Amino acid sequence: MFNKAVSYDLLWESAALEGVDESQRWILAGMRKHGHELITLLWRILGNEQDVCDAYQTTFLRLAHHEDGLKPRWVKAYLFRTASNAAISMLRQRIVERKALSSVMQTIEEAPDALIDVNVKHLTENLRYHVAQLPEHLRNVVMLRDFGELSYVEVARILGVSVGTARVYRCKAVQLLATWMNKEANQ
Amino acid sequence: MRLLARGQTTYSQKDKPAAGRCRQIRQRLADSMLQRLGPEAPWVQRHVARCPRCQKRLAALGKVDLALSILKSQPHRLDLLIRANTAAMRMLSHRLREAKEAAKLEQARPEPGLMERCARYRISATHLAACIAILFLTKAGIFSSFDKAHTRGSAALKQYYSTQAGEDVAREVFGA
């Protein structure tokens, strides 16, 4: 009798596990469908492969534990927003280490041949730094539109704003970035 | 005269223009605004040529554009997707990791979309379509010329018979 109860218990447990896994297959489907786009987005935000892997891992971990394993209403929106948030946190941490850039500037003086390379690196790092400083609503649009290469319609849907608002936010973000980058160049 | 209820308009559902038409008009408006008021407009260009402040602003905007383009053009390693998928998979449940799809994901490489994959065949496809079109037109032209020659030949023979042998014979040979 006891043995029977144990075996029923085991059966029930395995059936439950199977059910959970079946219901979480959408995570793998999401990874297959949006993985490449997410990697592109994270790569452009972070520019470091290890950080990209970490942010990607964090994104899917959060997805798997979203409301006790429930599928979000729109997986793509959830993935893109979570990924960009995770990436921006990492980027902000890295900004603290930005002092290292000053040593790069010293390298410019030491090796004039590498001037173009370093300038390009400096420009992109500078852009990343300033993007991280943007107000959240503007930053989200820049990240999804420019780094994620989503259409304005998709950006607007993900952020829950109108297409026109998304365009205006992007325009404001670019103006702000230009002002900040110009100010830095003048200093 | 028809009386309207509160909230009702004379603009019926049937008269509403299609959404595509609205989009077209919006696009045209945006284009013409850009032409007249955008940075490419001649009066803007003339002003920028003389105004150092605007030159600075435009240069700064250009710098942002350049930085964004550089970011977009920097490629990542091909195996980055595999590495990231493998890392993410480690955090999922054991059963999910054992699934067939998981094994595929751990070997997935970034692949271009269908449009990008077909792009290299676009020129060949265009050439093929042009050849088919030319062939079709030539064939249609040849058959139409045959028809024309046949009709004109018959008319000429009928004319000859009618002048040489008379109308009745010609009608008998060639019909009415």
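Above this text sits the structure in question.
This is a predicted model, so every value here is computed, not measured. Once a new chain begins, its residue numbering starts again from 1 and follows that chain's sequence as written. All chains are assigned letters beginning with A, and all ligands numbers beginning with 1, in the order in which they are written. In keeping with the model being predicted, local features are shown solely for residues with a pLDDT of at least 70 and side-chain atom pairs are shown and tallied solely at 80 or more, while totals for entire chains, interfaces and linings include all residues.

Enquirer: Just give me the short version of the overall build of chain B, but keep the residues and values in it.
Expert: Helix and strand assignments follow DSSP, with helices taken as H or I runs no shorter than four residues and strands as E runs no shorter than two, numbered in order from the N terminus. Helix and strand counts for chain B stand at nine helices and zero strands. Reading chain B from its N end, one meets helices and strands in the order α-α-α-α-α-α-α-α-α. Three exposure classes are used, based on other C-beta atoms lying within 10 Å of a residue's own C-beta, which is placed from the backbone: buried for 20 or more, exposed for 12 or fewer, and partly exposed in between. A total of 176 residues make up chain B; the buried ones form 8% of that total.

Enquirer: Break down the overall build of chain A for me, citing the residues and quoting the values.
Expert: Regarding its fold elements, chain A presents nine helices and zero strands. Listed N to C, the secondary structure of chain A is α-α-α-α-α-α-α-α-α in terms of helices and strands. Contacts in chain A between residues at least 24 apart in sequence constitute 65% of all its contacts with a sequence separation of at least 6. The contact criterion used is a C-beta to C-beta distance within 7 Å, with each C-beta placed from the backbone.

Enquirer: Outline the nonpolar core, listing residues and values.
Expert: Taken as a class, soluble globular proteins show a tendency for nonpolar side chains to be buried jointly. Only buried residues count toward a nonpolar core: Ala, Val, Leu, Ile, Met, Phe, Trp, Tyr and Cys, linked into one set through C-beta atoms within 7 Å. Core analysis: the largest hydrophobic core is formed by 56 residues, its most contacted members being A:Leu42, A:Val52, A:Tyr56 and A:Ala87. Of the residues forming this core, the biggest block, 10 residues, is contributed by helix α2 (residues 25-46) of chain A. Taken together, domain 1 (21-74) and domain 2 (76-111) of chain B each give at least three residues to this core, which thus spans both. Look past the residues within four positions of A:Ala87 in its chain and what remains in contact with it is A:Leu42, A:Ile45, A:Leu46 and A:Ala55. Segmentation of the chain into domains, including their bounds, is taken from an automatic or database domain assignment.

Enquirer: Can you tell me about the interface of chain A and chain B, naming the residues and giving the values?
Expert: Interface size is commonly expressed as the accessible surface area that is lost when the partners come together. Across the boundary between the two partners, chain A contributes 31 residues, which contact 31 residues of chain B. Per-element accounting of the side of chain A that touches chain B gives the leading share, nine residues, to α2(A). Residue type decides the class: Asp, Glu, Lys and Arg count as charged, Ala, Val, Leu, Ile, Met, Phe, Trp, Tyr, Cys and Pro as nonpolar, and the leftover types, Gly among them, as polar. Residue composition of the side of chain A that touches chain B, grouped by class: 19 nonpolar, seven polar and five charged.

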